[in-house]
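Close look at the chain arrangement
Residues per chain are reported as follows:
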Amino acid sequence: MKKTLIAAASTAVLLAGCATTEPAEEKKADKKVLHTMESYDLLSVDPADAITSNIFNQIYEGLYRFDANNELVPAAAKSHSVSEDGKVYTFKLDPNAKWSDGKPVTAENFRYAFERVIKTNSPFAYLLEPVEKTTAVDDETLRIELKRPTPYFLSMTTFGTYMPVREDIVKTEGDQFGTDPKTNVYNGPFTFKKYQAEQGYTLAKNAEYADRKNVKIDEVDVKIIKDPMLAINLFESGELDVAPLNSENVVTYKDQKEYNTFSDSRMFFIRMNEKTNALKDKQTRQAIDAAYDKKALTETLLGNGSLPADYIVPQELDPKYDSTRQIESSYDATAANKVLANQNLKLTMLIEDDDVSKKIGEYIQGALKKQNVDVKLLSLPKKERLAREGRGDYDLSLASWAPDYQDATTYLNLFTTGNPFNMMDYSNKQYDRLLKQAESELDQDKRLALLSKAESVLLDDQAISPVYQRKNAFLQNTEVKNLARHNVGTDISYKYVEINRN
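Nothing here was measured: the structure is a model prediction, and the numbers come from that model.

Examining helix α14 (residues 382-391)
Among the residues making up α14, those that are buried are Lys382, Arg385, Leu386, Arg388 and Glu389. Take α14 and look down its axis: the buried residues cluster within an arc of 160 degrees, on one side only. Of the residues in α14, the exposed ones pointing more than 90 degrees away from the buried face are Gly390 and Arg391. Looking at the packing, one finds that the buried side of α14 touches β12 (259-272), β14 (346-352), β15 (374-380) and β16 (396-401).

Encoded structure:
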């Protein structure tokens with residue numbers, strides 16, 4: 001059963017609990033506080049369960065991280081070397097790296113963390129698949145032996161699954177480890193100062209962080225806000241430094257100095273559960289994908305530059321991979337009608353309870369209604385949507401995925417037989433075989449060709465219906481600089497932020 005964070009207060013006092021008096025306190029104490037937001041609550045602060053990945057880049061430090069320019073740089077590691085055959089990575093840890101309680105970060109903390117991911121049957125355990133053996137040579141030396149050369153391995157170490165944990169804390173907390181942020185210890189730029197379920201949390205600069213001299217702010221105040229208009233209003237009133245824009249507001253703000261955009265690699269797609277009788281049929285799944293206009297959805301509904309997607313591996317994740325494929329629109333309402341019109345399908349579609357998900361759900365619902373498909377929308381918090389998907393208790397589900405590392409397999413592996421994130425009961429032996437071949441293929445061009453062929457098989461089977469590749473349009477206070485956004489691993493880093501309030 002997935003663990004959830006302990007509720008610390010009633011959700012009935014959203015604004016009272018989150019808006020608080022932080023801006024006044026900040027001015028009085030001359031603290032530098034970033035006021036920002038997320039559209040969903042934390043699900044866990046256990047790196048083995050890194051589904052809400054944004055938080056892990058703030059409170060933990062992996063061996064490497066992406067910097068403000070999206071370059072891989074040493075983090076908990078000071079340096080690394082790779083054997084000639086590309087199969088052994090030796091990391092030298094930063095001798096100054098400490099946990100928030102002052103104890104040193106050791107190689108054993110990493111070795112134990114990796115072992116624990118496997119032993120706890122974490123759904124993210126598959127990310128450790130390339131690892132054959134991990135050895136804590138001494139306190140400051142970690143050796144990782146791989147099953148095969150993995151050129152993107154260093155980028156994998158930036159993700160939550162590869163972050164360290166303390167065995168003594170895990171044993172003390174038992175089954176409750178990761179459920180209450182304030183009972184844990186952290187080795188990242190920030191620690192928890194306050195947490196209120198479904199309302200928000202405050203992160204404080206970690207006084208023990210090895211690179212604390214380069215952390216220029218004192219706190220990050222994060223509100224949980226699901227309504228973009230509320231976020232914009234709070235931005236306008238000075239209570240938020242950052243707020244996302246929906247399609248209605250892009251035109252209003254696009255010429256203002258606070259307007260920003262960022263193209264990332266998060267893909268939104270519809271899971272089609274093949275346990276549902278009607279969805280066992282490949283032609284029906286293909287017709288559902290063809291029934292709605294993705295270009296119109298991104299241009300008129302989102303209006304923020306997001307790309308219509310008839311692919312699952314995002315564009316620009318790997319330009320060499322992009323060159324292996326041709327992307328064509330699947331929209332064909334006439335063809336969809338020939339398959340769907342006489343079936344009288346009644347389906348339930350899971351969506352999350354934020355404003356954008358609701359609008360996308362309604363758009364797709366309307367398009368399918370024209371094809372005589374009755375879609376009932378079920379709006380749920382992220383935690384509940386994931387639980388329903390995990391149980392296979394749905395027909396359609398609007399899901400999303402951001403890359404955990406810099407390679408096409410971070411998407412393609414999700415849909416192999418038995419992968420814990422393959423929640424559609426999809427299985428294709430050819431697809432599995434192509435990905436297995438790619439694992440051991442050392443010729444990069446041949447490897448990319450195998451991966452591209454696998455993606456074609458997945459899309460021809462219509463195991464999923466890709467919807468769009470996200471582009472963010474957002475407002476950001478001009479007094480806030482270097483709020484780093486990433487298209488691999490976590491979406492954002494607070495470590496590099498600088499604030500110069502007038």
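Quick notes on the environment of Ala278
By the element assignment, Ala278 lies in the loop between β12 and α9 (282-290). With 106 residues separating them in the primary sequence, Ala278 and Glu384 have C-alpha atoms 24 Å apart. For Ala278, the contacting residues outside a window of four places in its chain are Thr284 and Leu345.

Regarding the sheet that holds strand β5 (residues 88-93)
Across a sheet, strands are paired by hydrogen bonds formed along the backbone, either parallel or antiparallel in direction. Across the sheet, 4 strands lie side by side as β4-β5-β7-β6; this open sheet has antiparallel pairing. Each having just a single partner strand, β4 (77-82) and β6 (131-138) make up the two edges of the open sheet. Adjacent strand axes in the sheet meet at a mean angle of 20 degrees, parallel and antiparallel pairs treated alike. Packing of helix α4 (residues 107-119) onto the sheet brings it into contact with β5, β6 and β7 (141-146), and relative to β6 it is tilted by some 155 degrees.

Details of the nonpolar core
In this structure, Phe91, Ile312 and Phe415 are the most contacted members of the largest nonpolar core, which totals 108 residues. In this structure Ile312 touches Met267, Phe269, Tyr411, Leu412, Phe415, Glu455, Leu458 and Ile464, once residues within four positions along its chain are discounted. Counting residues in each nonpolar core, the second largest holds 28 residues, with Phe268, Ile270, Ala287 and Leu302 among its members.

Describing a positive patch on the surface
Side chains of Lys32, Lys98, Lys205, Arg212 and Lys216 sit close together on the surface and give a patch of like positive charge. Its location among the elements puts Lys205 in strand β9 (residues 200-205). Residue Lys205 is classed as partly exposed on the basis of its relative accessible area, which comes to 31%.

Examining unusual backbone geometry
Phi at Asp425 takes a positive value of approximately 65 degrees, unusual for a residue other than glycine. Looking at the secondary structure, you find Asp425 in the loop between α15 (409-412) and α16 (429-440). Accessibility expressed as a relative area gives 46% for Asp425, which makes it partly exposed.

Description of the sheet that holds strand β10 (residues 219-224)
Strand order in this open sheet of 4 strands is β1-β10-β9-β8, and the pairing throughout is mixed. The strands lining the two open edges of the sheet, one partner per strand, are β1 (33-38) and β8 (190-196). The sheet shows a mean angle of 20 degrees between the axes of neighbouring strands, direction not considered.

Remarks on the pattern of salt bridges
As enumerated under the stated definition, the model contains 42 salt bridges in all. Taking the shortest distance from any N to any O, the salt bridge between Glu108 and Arg111 comes out at 2.9 Å. Linking Glu108 with Arg111, this pair stays in helix α4, spanning 3 residues, or about one helical turn. Across the salt bridge formed by Arg501 and Asp241, the nearest N and O atoms sit 2.8 Å from each other.

Here we look at α16
Helix length check: α16, at 12 residues, gives a terminal C-alpha distance of 17 Å against a target of 16 Å (1.5 Å per residue), a fit within 8%. The N-cap of α16, judged by a side-chain oxygen 2.8 Å from the amide nitrogen of Gln430 a few residues on, is Asn428.

Considerations on the pairing of β10
Judged by how many residues are buried, β10 sits mostly within the fold: 6 of 6 residues are covered. Side chains Glu219, Asp221 and Lys223 of β10 all project onto a buried face; the interleaved residues Val220, Val222 and Ile224 project onto the opposite face, where all are buried too. Note that β9 and β10 share 5 bridges and pair antiparallel. Residue pairing for β10: Ala204 is matched across the bridge by Glu219.

Thoughts on the UniProt feature "domain: Solute-binding protein family" (unreviewed entry) in the protein
Within the UniProt annotation, "domain: Solute-binding protein family" (unreviewed entry) is assigned to residues 71-420. Taken end to end, residues 71-420 is 28% helix and 25% strand, and its first and last C-alpha atoms sit 30 Å apart.

What about the packing of α9 against helix α12 (residues 333-340)?
Following both chains from N to C, one finds α9 and α12 inclined at 140 degrees, their axes separated by 8 Å at the closest point. With respect to α12, the axis of α9 lies oblique. When you trace α9 past α12, the crossing you get is left-handed. In this structure, α9 uses Gln283, Thr284, Ala287, Ile288 and Ala290 to contact α12, whose residues at the interface are Ala333, Ala336, Val339 and Leu340. By residue class, the composition of the contact of α9 with α12 is 7 nonpolar, 2 polar and no charged.

Reading the values: rules and limits
Residues numbered from 1 in each chain as written. Predicted model: local features only at pLDDT ≥ 70, side-chain atom pairs only at ≥ 80, totals over all residues. Heavy atoms only, no water. Buried < 20%, exposed > 50% of the residue type's maximum accessible area, 1.4 Å probe, protein only. Helix = DSSP H or I, 4+ residues; strand = E, 2+ residues; numbered from the N terminus. Arc of directions from axis to C-beta. Contact = heavy atoms within 4.5 Å. Pairing = 2+ DSSP bridges. Axes fitted to C-alpha atoms, helices over the stretch in contact; angles between N-to-C directions. Core = buried A, V, L, I, M, F, W, Y, C linked by side-chain atoms within 4.5 Å. Patch = residues over 30% accessible without salt bridge, like charges linked within 9 Å, V, L, I, M, F, W, Y side chains within 5 Å. Areas by Shrake-Rupley, 256 points an atom, 1.4 Å probe, with all protein chains shown as cover. Salt bridge = Lys/Arg side-chain N within 4 Å of Asp/Glu carboxyl O. Lys, Arg positive; Asp, Glu negative; His and termini not counted. Charge placed at Lys NZ, Arg CZ, Asp CG, Glu CD. Expected span 1.5 Å × (residues − 1). Polar contact = N/O pair within 3.5 Å; in protein donor to acceptor, adjacent residues only side chain to side chain. UniProt positions renumbered as here; feature names shortened; annotations may be inferred. Parallel < 35°, antiparallel > 145°, perpendicular 65-115°, else oblique. Left-handed = near helix turned anticlockwise from the far one by under 90°. Nonpolar A, V, L, I, M, F, W, Y, C, P; charged D, E, K, R; others polar.

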